[in-house]
Amino acid sequence: MAVVGAGTIALKALGPALLGTRRLPERFELLATLLAPTLLAALVVTQTLGSADGLSVDARLAGVGAAGVALAFRAPLIAVVFLAAAVTAVTRALF
């Protein structure tokens, strides 16, 4: 884990060291802007549906769905987290 952390720090330091005061081309700035949400969405999907056996549809999916609905209604983040946890717990208890 220390090696991964050191590599991350090195990569973050490498960008400004190589670019200096130059800006990235506009196309790369757009790509960098879209990269974080895309990676976060991929992480959510793999953690929600993934298991050791492959694809798994279980209570986690209900919790993420409830969180999505709460976010669509612009609920506060803490309420979204508690709602997702409660829906997941209830779903696990029932099934």
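All values reported here derive from a predicted model rather than from experimental measurement. (Residues numbered from 1 in each chain as written. Predicted model: local features only at pLDDT ≥ 70, side-chain atom pairs only at ≥ 80, totals over all residues. Heavy atoms only, no water.)

### Overview of the overall build of the protein
Logical step 1: In terms of helices and strands, the protein carries 4 helices and 2 strands.
Logical step 2: What you see in the protein, going N to C, is helices and strands ordered as α-α-β-β-α-α.
Logical step 3: In terms of overall dimensions, the protein is more spread out than a globule: its C-alpha atoms have a radius of gyration of 19 Å, far above the 12 Å expected for 95 residues.
Logical step 4: Dimensions along the principal axes, computed over C-alpha positions, put the protein at roughly 55 × 35 × 20 Å.
Logical step 5: Among the 95 residues that make up the protein, the fraction classed as buried is 12%.
Logical step 6: Relative to all contacts within the protein whose residues are 6 or more apart in sequence, the contacts with residues 24 or more apart total 29%.
Logical step 7: Total accessible area computed for the protein in this model is approximately 7800 Å², and 75% of it derives from carbon and sulfur atoms.
Logical step 8: Of the side chains in the protein, 7 bear a positive and 4 a negative charge, and the two mean positions are spaced by 7 Å. (Helix = DSSP H or I, 4+ residues; strand = E, 2+ residues; numbered from the N terminus. Rg over C-alpha atoms; globule rule 2.2 N^0.38 Å. Buried < 20%, exposed > 50% of the residue type's maximum accessible area, 1.4 Å probe, protein only. Contact = heavy atoms within 4.5 Å. Areas by Shrake-Rupley, 256 points an atom, 1.4 Å probe, with all protein chains shown as cover. Lys, Arg positive; Asp, Glu negative; His and termini not counted. Charge placed at Lys NZ, Arg CZ, Asp CG, Glu CD.)

### Description of the environment of L61
Logical step 1: Position of L61 among the secondary structure elements: in helix 3 (residues 59-72).
Logical step 2: Distance from L61 to K12, taken between C-alpha atoms, is 34 Å for residues 49 residues apart in sequence.
Logical step 3: Setting aside residues up to four positions removed in sequence, L61 forms contacts with T48 and L49.

### What to know about the confidence of the model for the protein
Logical step 1: Residues at a pLDDT of 70 or more form 100% of the protein, whose mean pLDDT is 92.
Logical step 2: Mean pLDDT across the elements of the protein ranges from a minimum in helix 1 (residues 2-19), with 87, to a maximum in helix 4 (residues 77-94), with 97. (pLDDT = per-residue confidence, 0-100.)

### What about the packing of helix 3 against helix 4?
Logical step 1: Contact pair helix 3 / helix 4: the axes reach a minimum separation of 8 Å and the direction vectors enclose 150°. Classified by the angle their axes make, helix 3 and helix 4 are roughly antiparallel. Where helix 3 crosses over helix 4, the two elements pack in a sense that is right-handed. Listed contacts from helix 4 to A59, R60, A62, G63, A66, A67, A70 and L71 of helix 3 are V80, L83, A84, V87, T88, T91 and R92.
Logical step 2: For the contact of helix 3 with helix 4, the class distribution of residues is 10 nonpolar, 3 polar and 2 charged. (Axes fitted to C-alpha atoms, helices over the stretch in contact; angles between N-to-C directions. Parallel < 35°, antiparallel > 145°, perpendicular 65-115°, else oblique. Left-handed = near helix turned anticlockwise from the far one by under 90°. Nonpolar A, V, L, I, M, F, W, Y, C, P; charged D, E, K, R; others polar.)

### Things to note about the packing of helix 2 (residues 26-49) against helix 3
Logical step 1: Running from N to C, helix 2 and helix 3 point in directions that differ by 145°, and their axes come no closer than 8 Å. Between helix 2 and helix 3, the contacting residues are V44, Q47, T48 and L49 on the first element and R60, L61 and V64 on the second.
Logical step 2: Across the contact of helix 2 with helix 3, the residue classes break down as 4 nonpolar, 2 polar and 1 charged.

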